[in-house]
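# Commentary on secondary and tertiary structure
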Amino acid sequence: MPLTANDPSRKTWLDTLVNTDFPIQNIPFGVFSTPDDIITIGTRIGDYAIDLGALHQLGYFDGIDLSDDIFMQDSLNNFIADGRKTWRLIRNRISELFLEGNSKLRDHQEHRNVVLFMMNEIKMQLPVDVGDYTDFYASKEHATNVGSLFRDPENALLPNWLRIPIGYHGRSSSIIPSGTPIHRPYGQTKPGDNGIPGFGPSKLVDFELEMAFITTDANQLGKRVPIEKAEDYIFGLVLFNDWSARDIQAWEYVPLGPFLGKSFASTISPWIVTLDALEPFRTNGPKQDPTPLPYLKHGENKNFDIKLQVAIQPENDEETVVTNSNFKYMYWSMAQQLTHHTVNGCNVRSGDMMGSGTISGPTKDSYGSMLELSWRGQNSVPLKNGKERKFIQDNDTIVMRAFAEKNGLRIGFGECNGKVLAAID
Ligand code: CA
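Everything numeric in this text was worked out from a predicted model, so none of it was measured.

## Concerning the sheet that holds strand E21 (residues 320–326)
By definition, the strands of a sheet pair up through backbone hydrogen bonds, in either a parallel or an antiparallel sense. With mixed pairing, the 5 strands of this open sheet are ordered in space as E9-E26-E25-E20-E21. Only two strands of the sheet have a single neighbouring strand rather than two, namely strand E9 (182–183) and E21. Where strand E20 (residues 307–313) meets E21, 6 bridges bridge the pair, whose relative direction is antiparallel. Its bridge partner lying in E21, Val-310 is registered against Thr-323.

Structure follows, in structure tokens:
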């Protein structure tokens with residue numbers, strides 16, 4: 001099916017800024033509550049939030065096979081389960097409706113009144129009910145840096161890393177939408193000289209710059225997803241801040257890996273940008289050496305060129321951009337991650353979320369966590385207000401941004417924000 005919605009020459013009759021993350025070629029999906037507190041599924045063009053439940057009721061999706069209440073839900077799980085053909089039909093139809101010159105909705109003021117909201121009138125919700133969340137560890141630079149810092153610089157990458165997309169099962173209940181503050185977590189930390197572990201609020205709260213992809217039903221229990229089909233089951237991506245407490249993590253992670261140092265919160269950007277919308281930004285990932293086993297081997301252009309940025313904003317102060325990275329640095333592609341995830345027959349369901357792992361680039365100004373930027377607290381990261389940070393302090397807001405840009409077309413994710421509040425007594 002053609003992706004007419006991706007046509008870069010298209011313009012919309014809505015007022016949009018030139019540099020918006022959400023031009024008519026984006027058409028992401030999200031869930032929001034209206035000023036009347038009605039929860040609905042929607043999309044966004046420029047600074048307009050568009051109620052897809054209302055559009056559907058008014059007949060604007062006639063001819064597309066949809067259940068009546070598909071958009072009047074508090075999550076996208078059922079819509080995502082409808083599969084790729086339906087996602088494409090809906091994106092293409094929305095694009096037609098808002099295309100410059102199409103008067104059908106443009107000149108129908110009554111309909112516009114119930115379909116269109118300004119972004120500042122609505123409240124974004126979690127877009128999916130995340131059943132299972134898996135976090136990978138797919139940036140070679142990050143894995144090398146962390147291996148050097150936590151273990152041994154001489155053998156920073158463990159032998160399995162270049163063979164397997166390493167991951168662990170995370171906690172989905174604490175995934176929260178952008179704008180939700182978190183409290184500094186409590187936990188145990190490494191014992192001091194007296195042999196007794198420390199206990200209290202984490203002193204080393206950190207962000208991890210990640211993207212996450214959201215799947216549809218990919219396979220039945222016991223079946224595998226072949227690599228050439230893997231992308232068919234990826235609905236779209238969000239920005240993902242995998243908050244981490246490094247002192248809790250350092251004490252608990254042997255031998256079973258991350259646990260409470262990670263599970264206290266993970267923040268996502270609220271609009272799911274479809275894999276279809278990112279089609280123009282395909283690129284090759286890093287060269288894979290050694291060659292992956294046959295079940296993980298795929299062709300060209302399975303990575304995506306998406307610029308990533310993190311800023312720290314202290315309370316009532318200006319922000320400082322502390323890193324610029326790129327999603328293309330992922331050593332293991334999303335297709336490889338999903339294929340590997342199902343190789344043992346584990347079933348992946350609609351609304352499952354797979355984090356990429358921290359995406360660090362090759363240079364010191366492209367590292368995706370404070371752990372790496374401060375080299376475990378050895379260096380300070382300067383802020384514009386004259387202060388500095390090694391890790392995140394109370395009342396700091398972490399702002400993540402992501403966008404792809406090529407030949408004048410920009411497809412973005414908006415922001416993924418989270419403020420760290422003091423620990424609760
Ligand atoms: Ca992570």
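## Side note on the coordination of the calcium ion
Protein coordination at the calcium ion comes from Asp-135 (OD), Glu-208 (OE), Glu-210 (OE) and Asp-242 (OD), with a distance range of 2.2 to 2.3 Å. Read in sequence order, the donor residues coordinating the calcium ion give the pattern D-x72-E-x1-E-x31-D. Of this pair, Asp-135 sits in strand E6 (residues 133–136) while Glu-208 sits in the loop between strand E12 (205–206) and strand E13 (209–215); the two residues are 73 residues apart in sequence, bridging distant segments of the chain. Classification of Glu-208 as buried rests on a relative accessible area of 3%.

## A closer look at the environment of Ala-230
Position of Ala-230 among the secondary structure elements: in the loop between E13 and strand E14 (234–241). If we ignore the near neighbours within four places in the chain, the residues touching Ala-230 are Val-225, Ala-335, Leu-338 and Thr-339.

## What about the pattern of salt bridges?
Within this structure, the stated rule accounts for 20 salt bridges. For Glu-208, the salt bridge identified is with Lys-262, shortest N-O distance 2.8 Å. Of the two residues, Glu-208 sits in the loop between E12 and E13 while Lys-262 sits in the loop between helix H7 (246–252) and strand E16 (266–268), which places them 54 residues apart along the sequence. Accessibility assignment for this pair places Glu-208 and Lys-262 in one class, buried. Among the ionic pairs, Glu-315 bridges to Lys-419, the shortest N-O distance being 2.5 Å. Pair noted here: Glu-315 is in the loop between E20 and E21 and Lys-419 is in strand E26 (residues 409–421), with a separation of 104 residues, a long-range link. The exposure class assigned to Glu-315 is partly exposed, which follows from its relative accessible area of 40%. Each of the salt bridges in this network shares a partner with another, and the network as a whole consists of Asp-206, Glu-208, Asp-242, Arg-246 and Lys-262.

## Observations regarding the pairing of E13
Most of E13 is tucked away, with 7 of its 7 residues classed as buried. Side-chain alternation along E13 places Leu-209, Met-211, Phe-213 and Thr-215 on one buried face and Glu-210, Ala-212 and Ile-214 on a second face that is also buried. One ladder, built from 7 bridges, connects E13 with E14; its direction is antiparallel. Bridge pairing links Met-211 to Leu-239 in E14. Bridge analysis of E13 against strand E22 (residues 353–355) gives 3 bridges, and the strand direction is antiparallel. Within E22, the position partnered with Phe-213 by the bridge is Met-354.

## Remarks on the packing of aromatic side chains
If you walk through the whole model with that rule in mind, you get 15 aromatic pairs. Residues Trp-13 and Phe-98 carry aromatic rings whose centres are separated by 5.3 Å and whose planes lie at 25 degrees to one another, so their mutual orientation is stacked. Of the two residues, Trp-13 sits in the segment before strand E1 (30–33) while Phe-98 sits in the loop between helix H3 (84–97) and helix H4 (103–106), which places them 85 residues apart along the sequence. Pair check on accessibility: Trp-13 and Phe-98 agree, each one buried. Here the aromatic rings of Phe-61 and Phe-71 are separated by 5.5 Å at their centres, their planes lie at 55 degrees, and the arrangement is tilted. Here Phe-71 lies in the loop between helix H1 (52–57) and helix H2 (77–81) and Phe-61 lies in the loop between H1 and H2, a separation of 10 residues in the sequence. Overall, the relative accessible area of 1% leaves Phe-71 in the buried class. One aromatic cluster is present, built from ring pairs that chain together Phe-29, Phe-61, Phe-71, Phe-79, Trp-87 and Phe-235. In this structure, Arg-376 packs its charged tip against the face of Phe-150, placed 4.6 Å from the ring centre.

Rules and cut-offs
Every chain begins its residue count from 1, and numbering advances along the sequence as written. In view of the model being predicted, local features appear only for residues whose pLDDT reaches at least 70, and side-chain atom pairs are presented and counted only at 80 or more, with totals across whole chains, interfaces and linings using the full set of residues. Only hydrogens and water are set aside when side-chain values are computed; all heavy atoms of the structure are taken into account. Here, a strand pair is defined by DSSP locating no fewer than two bridges between the strands. To qualify as a helix, a DSSP run of H or I must reach at least 4 residues; to qualify as a strand, a run of E must reach at least 2; elements of each kind are numbered from the N terminus. Excluding water, the donors of a metal are its N, O and S neighbours within 2.8 Å, or within 3.2 Å for Na, K and Ca, and that exclusion means sites may look incomplete. Only protein chains enter the accessibility calculation, which uses a 1.4 Å probe. A residue is then buried if its area is under 20% of the maximum for its type, exposed if over 50%, and partly exposed in between. By definition, residues are in contact when any of their heavy atoms lie within 4.5 Å. A side-chain nitrogen of Lys or Arg and a carboxyl oxygen of Asp or Glu constitute a salt bridge if their distance falls within 4 Å. Note on aromatic pairs: the rings of Phe, Tyr and Trp (six-membered ring only in Trp) are paired at centre separations within 6.5 Å, and the planes decide the class, stacked below 30 degrees, edge-to-face beyond 60, tilted for the rest. Whether a charge lies above a ring is judged from NZ of Lys or CZ of Arg, which has to be within 6 Å of the ring centre and within 35 degrees of the ring normal.

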